[in-house]
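# Coordinate inspection notes
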Amino acid sequence: MPGSSKRRYIRLQVINGKNLQVPSDRIPAGIYISIIVDSSRRWNSAISVLSSDESAAWGNTVTLSLHPSPALSVEIRASYEADRMLGRGEVIGKLKMSWDELLDHGDEPFGESILPICARCPPFPHAEDCRCTHLPLSKRCSVWLERNIARDTDAGHAHFAKYVASKTVSHLNHAMQCFQSVLNQCPASHPDRATALTNLAWARLKGYSRNHPQDIDATTSLFRNALELRPQRHPDHALSLYNLTQALNWRYGEKGTAADIREAAQLYHELLPLCPEGTYLREIVIDECNELPTDASDEGIHLRRVVLEFCPPGHQLRPRGNIDDLDTSIQLRREAMSLCPEGHSDRNGCLNNLALSLESRFNHQGKPNDLDEAISLHEEALRLCPVGYEFRDFLLDNLGIALITRFNKRIDIDDITRAVSLDREALTLRPPGHPHHDTTLNNLALALITRYYALGVIEDLNEAIDRFRESLQSRRLDHAKRHVYLSNLSSALCSRFEKTQKNEDVEEAITLCQESLASLSSLHPDRWLSYRWLKEAYLSRYRILHDPADLSLAIEHFRLASGHPTQGFPNRIQTASRWVAAAEDHKHDSVLEAYQVCLELFDSHVMTRSSVISRREAATAFDGAKLLPVDAASCAIRRHNLRRAVELMEQGRGQQWSLASRLRTPLEDLESISPELARKFLHLGKHLSDAQGSVASTDRVDADRAATEYRRLTREWEATVAEIRDLPAFSRFLLPPLYEDLQVVARQGPVIILVASQYSCSAIIIPTSGDPHHIPLPSVTLIELTNLKDRFARAIRQASRMNPAEPRKDLIVLSRIIWDEIMLPIVNVLEHVLKVERRSRIWLCPTAAFTSIPLHAANPFLTKPDRSKEPCLEDLYICSYTPTLSALVRSRKLMKKRVPPSFVAIGQGQPGAGKGKDLLAVDSELELVHKLAPATANRTTISGDTATRAGALEALQQNTWVHLACHGKQDRMQPYDSHFVMKDKHLTLLDIMERDIPHAEFAFLSACHTAVGDEETPDEVIHLAAGLQFSGFKSVIGTLWEVDDGVAKHVVEAFYRYMFRDGVIDCTKAAWALNCATHSVKTKVPLEQRMVFVHIGV
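Our subject in this report is the structure included herewith. The written sequence of each chain sets the order in which its residues are numbered from 1. In view of the model being predicted, local features appear only for residues whose pLDDT reaches at least 70, and side-chain atom pairs are presented and counted only at 80 or more, with totals across whole chains, interfaces and linings using the full set of residues. With hydrogens and water set aside, each side-chain value is computed from the structure's full complement of heavy atoms.

Turning our attention to the pairing of strand β20 (residues 1035-1039). When a residue's accessible area, from a 1.4 Å probe over protein chains only, is under 20% of the maximum for its type it is buried; when over 50% it is exposed; and in between it is partly exposed. Think of it this way: any DSSP run of H or I at least four residues long counts as a helix, any run of E at least two long counts as a strand, and we number them from the N terminus. Of all 5 residues that make up β20, 5 are buried, and the element is covered over most of its length. Judged by which residues are buried, β20 turns out to be covered on both faces: S1035, I1037 and T1039 on one side and V1036 and G1038 on the other are all buried. Strands pair, by our definition, only if DSSP identifies at least two bridges between them. Summarising the sheet, strand β19 (residues 1002-1006) and β20 pair through 3 bridges and their orientation is parallel. Bridge pairing links A1003 to V1036 in β20.

We now examine helix α13 (residues 392-410). Each helix should span, by expectation, one fewer than its residue count multiplied by 1.5 Å. Taking 1.5 Å of rise per residue, the 19 residues of α13 would be expected to cover 27 Å, and the 27 Å separating its terminal C-alpha atoms lies within 8% of that figure. Directly beyond the C-terminal end of α13, a positive phi value near 55 degrees is found at I411.

With that out of the way, let us pick up the nonpolar core. Joining through side-chain atoms within 4.5 Å is the link that ties buried Ala, Val, Leu, Ile, Met, Phe, Trp, Tyr and Cys residues into a set, and such a set is a nonpolar core. In this structure, I822, M823, L855, F980, F1055 and Y1056 are the most contacted members of the largest nonpolar core, which totals 228 residues. In this description, contact between two residues means that some pair of their heavy atoms is separated by no more than 4.5 Å. In this view, Y1056 contacts F903, V929, L932, H963, F1002 and F1004; residues no more than four positions away in its chain are not counted. One finds I10, A56, A175 and F179 within the second-largest nonpolar core, a separate group that totals 70 residues.

Before going further, it helps to spend a moment on the packing of helix α11 (residues 347-365) against helix α12 (residues 368-383). Closest axis-to-axis distance for the α11/α12 pair is 8 Å, and the angle between their directions is 160 degrees. Regarding the angle of α11 to α12, the classification is roughly antiparallel. Along this stretch, α11 crosses α12, giving a crossing that reads as left-handed. Contact residues: R347, N348, L351, N352, L354, A355, L356, L358, E359, R361 and F362 in α11; P368, D370, L371, E373, A374, L377, H378, E380 and A381 in α12. Geometry is summarised by axes, namely lines fitted to C-alpha atoms with helices restricted to the contacting stretch, and by angles between N-to-C directions that run from 0 to 180 degrees. Reported orientations rely on four angle classes, namely roughly parallel under 35 degrees, roughly antiparallel over 145, roughly perpendicular from 65 to 115, and oblique for the rest. Less than a right angle of anticlockwise turn of the near helix away from the far helix marks a crossing as left-handed, whereas a clockwise turn marks it as right-handed.

Running from amino to carboxyl end, helix α15 (residues 437-455) crosses helix α16 (residues 458-473) at an angle of 160 degrees, the nearest separation of the two axes being 8 Å. The angle between the axes of α15 and α16 places the two elements in the roughly antiparallel class. Both α15 and α16 take part in a crossing whose hand is left-handed. On the side of α15, the interface is formed by D438, L441, N442, L444, A445, L446, L448, I449, R451 and Y452, while α16 contributes I458, D460, L461, E463, A464, R467, F468, E470 and S471. Nonpolar residues are Ala, Val, Leu, Ile, Met, Phe, Trp, Tyr, Cys and Pro. Charged residues are Asp, Glu, Lys and Arg, and all others, Gly as well, are polar. Its residues assigned to classes, the contact of α15 with α16 comprises 11 nonpolar, 2 polar and 6 charged.

Now for a nonpolar patch on the surface. Only residues whose relative accessible area exceeds 30% and that form no salt bridge are eligible for patches; like-charged ones are grouped when within 9 Å, while nonpolar side chains (Val, Leu, Ile, Met, Phe, Trp, Tyr) are grouped when within 5 Å. Note that accessible areas follow from Shrake-Rupley with a 1.4 Å probe, and for residues the cover is restricted to the protein chains shown. Salt bridges are defined as contacts in which a side-chain nitrogen from Lys or Arg sits within 4 Å of a carboxyl oxygen from Asp or Glu. The grouping of Y389, F391 and F394 at the surface amounts to a nonpolar patch, some 260 Å² of accessible area in total. Position of F394 among the secondary structure elements: in helix α13. On the accessibility criterion, F394 (34% relative accessible area) is partly exposed.

Turning our eyes to something else, we now look at the side chain of S815. Mapped onto the fold, S815 is located in helix α32 (residues 809-833). When its relative accessible area of 1% is taken as the criterion, S815 is described as buried.

Let us look at helix α18 (residues 503-518). Helical geometry note: an α-helix holds 3.6 residues per turn, so side chains three or four residues apart project in the same direction. An ideal rise of 1.5 Å per residue puts 22 Å on 16 residues; α18 measures up with 23 Å between its terminal C-alpha atoms. Turning to α18, its buried residues are D505, V506, A509, I510, L512, C513, S516 and L517. Projection of α18 onto a plane perpendicular to its axis shows the buried side chains occupying an angular sector of 165 degrees, all on one side. When the buried face of α18 is taken as reference, the exposed residues oriented beyond 90 degrees from it are E504 and A518. Where α18 is buried, its residues touch α16, α17 (482-500), α19 (527-545) and α20 (548-562). This arc is built from the directions going out from the helix axis to the C-beta atoms.

As a further point, take the pattern of salt bridges. Within the structure shown, the criterion is met by 45 salt bridges. Here D393 ties to R430 by a salt bridge, and the two come within 2.7 Å at their closest N and O atoms. Of this pair, D393 sits in helix α13 while R430 sits in the loop between α14 (413-429) and α15, placing them 37 residues apart in sequence. Take D393 and R430: they sit in the same class, and that class is buried. Several salt bridges converge on common partners, so that one network encompasses R42, E75, R77, R88 and K94.

That is the geometry; function is a separate question.
Written out as structure tokens, the structure is:
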């Protein structure tokens, strides 16, 4: 503090400020500091541009005399002009502190010492006597005028800030009067006219226009006039561009005029390069660009490309829009809702926002839980907003839309009835003239036509058409969403045409859809909607008029809709499925292409799911999904393309195993060419496998985070796979196998695929070499197979209650049917065409309804004239099963990794209360197995209290051969919960799948229901035996139904005697040993207990 005792000074350095928020929420040109020097003078810092973190830096120094004032008085102000300031701007904060307090404060930041401003307003200005007698008259008038407009401007800023804080209309009116007064005093040539125009326009936009929407055109003109006065290179040109975008965006929100949003896009494009990196304005502009309504015009696409250039990958403002962003949005909105408990004023808004995010994720991924939760949240939000609440109409609309969506998935009439009722109530709250009247008309029409599709009441359809027309007529020709209303009316007219066959309806429908498409660019997301309804219109007309051109046009629009990249997989899958149905119905040449597209979309959709359980849910969410692979194969057969039939069948079946096995692909060949890529692939595969297990959390927040991490790993994994495919000889790495790749499955014997389609049932034999052979099964239909399956189930139940000595007449009849109608035509080809020797190995690969029928038990039960028996299938051949062709190929490849054998017998005959009856023969079975296993194998037994879940898992991992005797349970509702009953916890299929045991060889599952899948997804072959094969066991014996442990031990003993009779441990002998064992125990074991055992694998 230099100076004498008479006069003291202090030197202040103004460094920076943080958390600088403008009370009026207006974007400033910059921030400056104003310090009162004395009663007539102020020191002002330079104007500093506001940074993206709401801070400003100055670095100015001022020397003040302590004599004129007893204290330091500082104001932080926002300037709305970077060049010539009009007035002193808007006060952001104030600091008042005595000199002694200031000196004691030192170099610390002031923080809370600065008081935020809540806009104290001076009285409305009036004429004052402002004498400047020492100046000439003309100068005195000019100074008086400048002071007057500056004072009026400051008063307007203060009143407007007060209005923003309190929403008191009188403050807005005072601000408007102040700013209008200033504009009146600034003629066209005045240097401050652009500022005056902007201030008035901003007050009108943020206040007056919101209450008087018709005023928006005048407000927009004010901003436009200000921009004209601030051409390029003017310091305030960028801010004027931004101000005009705000008016255009607001007018678009009210009127929906596409021209407004396109002009805004052009202005943003011009504005972005003018906003320096790190500034607040740049961040706001990029955010607003990302939030612009979807518009795929040239302007909209070009703008988004510019934003991408300004925000490279990794930039925090880079546009997103993928599923990870949705997950993040949901996580944040859950946190927001947790901060608004019941009774909080913002809770209904948080509920609504979270519900909308969940609906978006449902539309992208199709998770039913998301939609159910969204509806529950919408319902709670509506309960919090009773009749008379300001925004009740929005909540009614939102809940109605969600209920329509759920009705389309589950067909619950209550949902659609409620939706109609909610939309009718919303319409009463939005009468003609209301800005959202047309939206509610459209929503009500959607609800009505949806109910018409369900109930067929023509009055609903007619009212829907009327409501769609009203909605369309109330939209301007240049409205940005007009194309949606055109498509909706078109769909309703198509439906009425199919009902009444009035040609004018379908002609209008086609015209409307064509008009809709013409208004949209090629990348617009809503083109999918127009494609969808246009193909329906052409298809409807074709069904009535039979013009082939209409069918071709319909198919082309099916192709466009199912391939449109802006849609999520569920919508595209539904479209492709309808394409399949239409092409099948009308025998169109595109049918195989349609099946291929559908299978590829299913594969991509299921791959996005982060757990095996959610993948199965995704696979069962679509009507007809479980028949898609067999229908595709049937189609290829009917078109005489057997190789393609095999490829399509393999591509569509066992998707769960296929997706999981991709992460465990053997990489010997890759390691020899690119060890680094092989290591990277294995590393990511392991992490992805681990991530699959971590997504089972019941906590939704944790589950969302885990799903996000899973998708991140999936993207890395897919990028690595793409790198591998770029290598020579690896171009088809992990792609669906071709027939040439699959034929290796038949090197050790033919493989018979049994196709059970709604269109035809037949068999395909893959021989050791050459083309596949087709065997029609003309006397078999899908319905008859289903009946046969049910009859077998009844006969097995009946046999289980019979005396062992009683003849199984029903089973004999059913076995004859299998022989005569299914297996005999196949045997004829094997014997007489392919010349397959008797007692050779064959593999059965059943599909759909065939998977529940014991094909290996086919038997004519006939006696020849010489009283010898006609041979049955198992007399002729050694039968094995394989879930898929790829599963057998994979098992054979893993046979190369053999280690010294070790044998464990695991048994649990006394599982405990509530876990099933005691199995009295288990202990004796374990002793028998232990005795029969070769001494050369390292033999161990686990039973009783040591046969726990953990003990069994450890034994599976440490041994190459396993015998398991216990209760088995196939869960038909959730097959991944199928399990073996241990002492403590169940050993589930999921537990087994998570283990990778490449050295494992053979497993004998002496338990019930270990080789039968579920009815919902029969072609996924999800059962315990398949799980063991997937985890690494190359050869598995499983069971198709309940096992009687008292008689099963006879089969077990005979099996192991044949298996080890030469002392050699070889899992490839298992099928032969089982065949011999079941023949040898005919007098001891009833028919159903011999049929129950099947061999799977090598």
